[in-house]
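Chain and residue survey
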Amino acid sequence: LISLGLLRGNEIVQTVMSCRVIGMEVERAVLAVEERSTSASGDASVLANYVETPSNALCRDLYGANGYTNDGSKWVKSTSDAIGVPAHIRLVEGA
């Protein structure tokens, strides 16, 4: 298992990821899939939570670096501005 994302409606509630893949743009690929899922459900925006802990400091800049703005309580982005999966990553979905 490399990563797992928990979505509720248009909100990214939690994403967990192996620290061994952070920095290889896997985090961007996972975020792209989460955004695509939110967009497919018809929502105009995607919301994301980030609660900083010593264990997740590596992800501090993830949302800001990918076009989200912080409204004071959550990170927010229009689904029309969804990012793509980096070209060097191939997603295999379903099994």
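Above this text sits the structure in question.
Thresholds, definitions, all that
Residues numbered from 1 in each chain as written. Predicted model: local features only at pLDDT ≥ 70, side-chain atom pairs only at ≥ 80, totals over all residues. Heavy atoms only, no water. Helix = DSSP H or I, 4+ residues; strand = E, 2+ residues; numbered from the N terminus. Expected span 1.5 Å × (residues − 1). Buried < 20%, exposed > 50% of the residue type's maximum accessible area, 1.4 Å probe, protein only. Contact = heavy atoms within 4.5 Å. Pairing = 2+ DSSP bridges. Right-handed = clockwise from strand over helix to strand, strands pointing away. Core = buried A, V, L, I, M, F, W, Y, C linked by side-chain atoms within 4.5 Å. Salt bridge = Lys/Arg side-chain N within 4 Å of Asp/Glu carboxyl O. Disulfide = S-S within 2.5 Å.

A word on helix H1 (residues 26–40)
Its 15 residues give H1 an end-to-end C-alpha distance of 21 Å, which sits within 8% of 21 Å, the value for a rise of 1.5 Å per residue. Every buried residue of H1 is accounted for by Val26, Glu27, Ala29, Val30, Leu31, Ala32, Glu34, Glu35 and Thr38. In this structure, the buried residues of H1 make contact with strand E1 (3–8), strand E2 (11–17), strand E3 (45–48), helix H2 (62–65) and strand E5 (75–78). Gly42 lies just past H1 and shows a positive phi near 95 degrees.

As for the pairing of E2
The side chains of a regular strand alternate between the sheet's two faces. Direction of pairing for E1 relative to E2: antiparallel, over a ladder of six bridges. Within E2, the position partnered with Leu4 by the bridge is Val16. If you look at the hairpin formed by E1 and E2, you'll find two residues sitting between the two strands, and Gly9 has a positive phi there, around 65 degrees. Relative to E3, E2 is paired through two bridges, and the arrangement is parallel. From the neighbouring strand, Ile12 faces E3, where its bridge partner is Ala48. Each parallel crossover has a hand, and for E2 linked through H1 to E3 it is right-handed.

Digging into the nonpolar core
Ile12, Leu31, Ala32, Val46, Ala48, Leu62, Tyr63, Tyr68, Trp75 and Ile83 form the largest nonpolar core, which has 10 residues in total. If you look at the next biggest cluster of nonpolar residues, it comprises five residues, including Val21, Val26, Ala29 and Val30.

Some points on the pattern of salt bridges
Throughout the structure, instances matching the rule amount to three salt bridges. For Glu11, the salt bridge is made with Lys74, and the minimal N-O distance between the two is 2.8 Å. In this pair, Glu11 is assigned in strand E2 and Lys74 in the loop between strand E4 (69–70) and E5, connecting sequence segments 63 residues apart. Judged by its relative accessible area of 23%, Lys74 is partly exposed.

With respect to the state of the cysteines
Here a disulfide denotes one covalent bond, and it connects the sulfur atoms of two cysteines. Tallied over the entire structure, the rule returns zero disulfides. Of the cysteine sulfurs around Cys19, a residue in no disulfide, the closest is that of Cys59, at 9.9 Å. Residue class for Cys19 comes out exposed when judged on its relative accessible area of 55%. Assessed through its relative accessible area of 25%, Cys59 is described here as partly exposed.

This is a description of form; function is not addressed.
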